[in-house]
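Okay, here's what each chain looks like letter by letter:
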Amino acid sequence: MKEKKSDEQWREELTDEQYHVCREKGTERPFTGEYNFFEKEGIFHCVCCGEPLFDSTVKFDAGCGWPSFYQTIDSDAITLQEDKSLGMERTEVLCSNCGAHLGHVFPDGPEPTGLRYCINSVAMKFKDR
């Protein structure tokens with residue numbers, strides 16, 4: 001991680017929901033996120049530090065209730081970590097720059113990667129090209 005802040009700093013900068021998802025590894029309810037049915041062209045960035053994460057051209061409708069992408073904007077933008085919480089084995093997706101919890105990745109996405117990055121809307125901010 002490059003960007004490090006105290007818990008107090010994160011609480012001041014983020015909304016309660018952003019803090020819960022990004023810093024406490026929570027999740028937003030399915031089909032409620034701002035970017036689930038979002039179709040503008042641009043770049044999705046980490047809401048905590050602004051790191052570019054996903055291009056809108058790789059976003060797809062997985063029907064899972066969260067924005068889904070089949071690849072990252074740069075392989076160095078995210079860190080993957082084993083997650084055995086809630087009695088499941090999953091792969092957590094973290095922002096490599098600040099360590100924010102973004103969501104999870106699953107091996108059931110479309111080609112060419114076969115991956116589905118299932119990301120919380122509240123963990124991202126969108127910028128037009």
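So, here is what we can say about the structure in this document. Bear in mind that the values here come from a model prediction, so they are computed numbers and not experimental data.

Conventions we followed
Residues numbered from 1 in each chain as written. Predicted model: local features only at pLDDT ≥ 70, side-chain atom pairs only at ≥ 80, totals over all residues. Heavy atoms only, no water. Pairing = 2+ DSSP bridges. Helix = DSSP H or I, 4+ residues; strand = E, 2+ residues; numbered from the N terminus. 1 Å grid on protein atoms, 1.4 Å probe; cavity = no way out; pocket = protein on both sides within 12 Å on 5 of 7 lines; lining within 4 Å. Points joined across faces, edges and corners; volume = space filled by probe spheres on them. Nonpolar A, V, L, I, M, F, W, Y, C, P; charged D, E, K, R; others polar. Axes fitted to C-alpha atoms, helices over the stretch in contact; angles between N-to-C directions. Buried < 20%, exposed > 50% of the residue type's maximum accessible area, 1.4 Å probe, protein only. Contact = heavy atoms within 4.5 Å. Phe/Tyr/Trp six-rings, centres within 6.5 Å; stacked < 30°, edge-to-face > 60°.

Here's the deal with the sheet that holds strand β3 (residues 59-60)
Backbone-to-backbone hydrogen bonds join strands into a sheet, with any given pair of strands oriented parallel or antiparallel. Pairing in this open sheet of six strands is antiparallel, and the strands run β3-β4-β8-β7-β6-β5 from one edge to the other. Among the strands making up the open sheet, the edge pair consists of β3 and β5 (78-83). Bridge analysis of strand β6 (residues 90-95) against strand β7 (residues 101-106) gives four bridges, and the strand direction is antiparallel. Bridging across to β7, Glu92 finds its partner in His104.

Focus: the layout of surface pockets
Estimates place the volume of the largest pocket at around 290 Å³. What lines the largest pocket is a set of 16 residues, among which Gly26, Thr27, Arg90, His101 and His104 lie closest to the centre. Broken down by secondary-structure element, the contributors of at least two residues to the lining of the largest pocket are β5, β6 and β7. The element that contributes the greatest number of residues to the lining of the largest pocket is β7, accounting for four residues. Here the lining of the largest pocket is composed, by residue class, of four nonpolar, eight polar and four charged.

Here's the deal with the environment of Cys95
Along the polypeptide, Cys95 turns up in strand β6. Each C-alpha atom, one on Cys95 and one on Gln9, is 17 Å from the other, the two residues being 86 residues apart in sequence.

Quick word on the sheet that holds strand β2 (residues 52-55)
Read from one edge of the open sheet, three strands run β2-β1-β9, paired in antiparallel fashion. The open sheet terminates on both sides in strands that have one partner only, identified here as β2 and β9 (124-128). The mean inter-strand angle of the sheet, taken between neighbouring strand axes irrespective of direction, is 30 degrees. Relative to β2, strand β1 (residues 42-46) runs antiparallel, the two sharing three bridges. Paired with His45 across the bridge in β2 is Pro52.

Things to note about helix α2 (residues 16-24)
Among the residues making up α2, those that are buried are Gln18, Tyr19, Val21 and Cys22. On its buried face, α2 sits against α1 (7-13) and β7. Backbone geometry just after α2 places Lys25 at a positive phi near 60 degrees.

Topic: the packing of aromatic side chains
If you walk through the whole model with that rule in mind, you get 11 aromatic pairs. Between Tyr35 and Phe126, the ring centres sit 6.4 Å apart and the planes meet at 50 degrees, which makes this aromatic pair tilted. Highlighted residues: Tyr35 in the loop between α2 and β1 and Phe126 in strand β9, separated in sequence by 91 residues. Accessibility classification places Tyr35 together with Phe126 in one group, the buried group. An angle of 65 degrees between the planes, with centres 5.2 Å apart, marks the rings of Phe44 and Phe69 as edge-to-face. Placement of Phe44 in strand β1 and of Phe69 in strand β4 (residues 68-69) is noted, with a sequence separation of 25 residues between them. Assessed through its relative accessible area of 0%, Phe44 is described here as buried. Under the relative-accessibility criterion, Phe69 is labelled buried at 0%.

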